[in-house]
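Below are the chains, spelled out letter by letter.
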Amino acid sequence: MMHLRLAFPPGLWLGLPLLLAVLGAARPRCRFWLASAAAALLVAMGGHTPVLRLALRLVPGLDLFRHHERAAVVVSLGLAVAAGLALATAACVTGDDPA
């Protein structure tokens, strides 16, 4: 039986939050959350990128943790916050009350 190894964490849907977050990338806070999401995505992809192997060598104690694909939670959080900031910015530009 052949087992399929996915390079992308299963169950991670980026779609609309990614689009909104990229559109709001002009704000510094939005860029912080996008950078956090990008770094977490590289860690979540595990051995499919050289980033995790490099991080395991450079970051003390990181090798004590298993299941690095759990970093996908940080990807979702970062994109959700960045998308929310982008929507708040768009609401302020159009004069709508974001609350």
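Nothing here was measured: the structure is a model prediction, and the numbers come from that model.

Let's shift gears to the overall build of the chain. Broken down by element type, the chain carries four helices and zero strands. Of the regular secondary structure in the chain, the N- to C-terminal order runs α-α-α-α. The contacts in the chain between residues at least 6 apart in sequence include a share of 72% that link residues at least 24 apart.

This part takes up the packing of aromatic side chains. The final tally for this structure, using the stated rule, is one aromatic pair. The interplanar angle of 75 degrees and the centroid separation of 5.3 Å between the aromatic rings of Phe-32 and Trp-33 together place this pair among those described as edge-to-face. Trp-33 sits in the partly exposed class, given a relative accessible area of 25%.

Once that is clear, we can look at the environment of Val-81. Here Val-81 is to be found in helix α4 (residues 72-94). C-alpha of Val-81 to C-alpha of Pro-17: the two residues are 64 residues apart in sequence and 8.8 Å apart in space.

The next point concerns a nonpolar patch on the surface. Together, Leu-16, Leu-19 and Leu-23 line one region of the surface with nonpolar side chains, adding up to about 330 Å² of accessible area. Relative to the assigned elements, Leu-19 resides in helix α1 (residues 15-23).

On to the nonpolar core, then. If you look at the biggest cluster of nonpolar residues, it comprises eleven residues: Ala-21, Cys-30, Leu-34, Ala-37, Ala-40, Ala-44, Ala-71, Ala-72, Val-75, Leu-79 and Ala-82. Of all the elements in the fold, those that place two or more residues in this core are α2 (28-44) and α4. Among the elements that line this core, the one with the most residues is α2, at five residues.

Next up on the list: the confidence of the model for the chain. Reading predicted coordinates in detail is not appropriate for stretches of low pLDDT. Here the chain shows a mean pLDDT of 76. Residues at 70 or above account for 79%. Taken element by element, the predicted model of the chain shows its lowest mean pLDDT in α1 (74) and its highest in α2 (86).

What counts and how
- Residues numbered from 1 in each chain as written.
- Predicted model: local features only at pLDDT ≥ 70, side-chain atom pairs only at ≥ 80, totals over all residues.
- Heavy atoms only, no water.
- Helix = DSSP H or I, 4+ residues; strand = E, 2+ residues; numbered from the N terminus.
- Contact = heavy atoms within 4.5 Å.
- Phe/Tyr/Trp six-rings, centres within 6.5 Å; stacked < 30°, edge-to-face > 60°.
- Buried < 20%, exposed > 50% of the residue type's maximum accessible area, 1.4 Å probe, protein only.
- Patch = residues over 30% accessible without salt bridge, like charges linked within 9 Å, V, L, I, M, F, W, Y side chains within 5 Å.
- Areas by Shrake-Rupley, 256 points an atom, 1.4 Å probe, with all protein chains shown as cover.
- Salt bridge = Lys/Arg side-chain N within 4 Å of Asp/Glu carboxyl O.
- Core = buried A, V, L, I, M, F, W, Y, C linked by side-chain atoms within 4.5 Å.
- pLDDT = per-residue confidence, 0-100.

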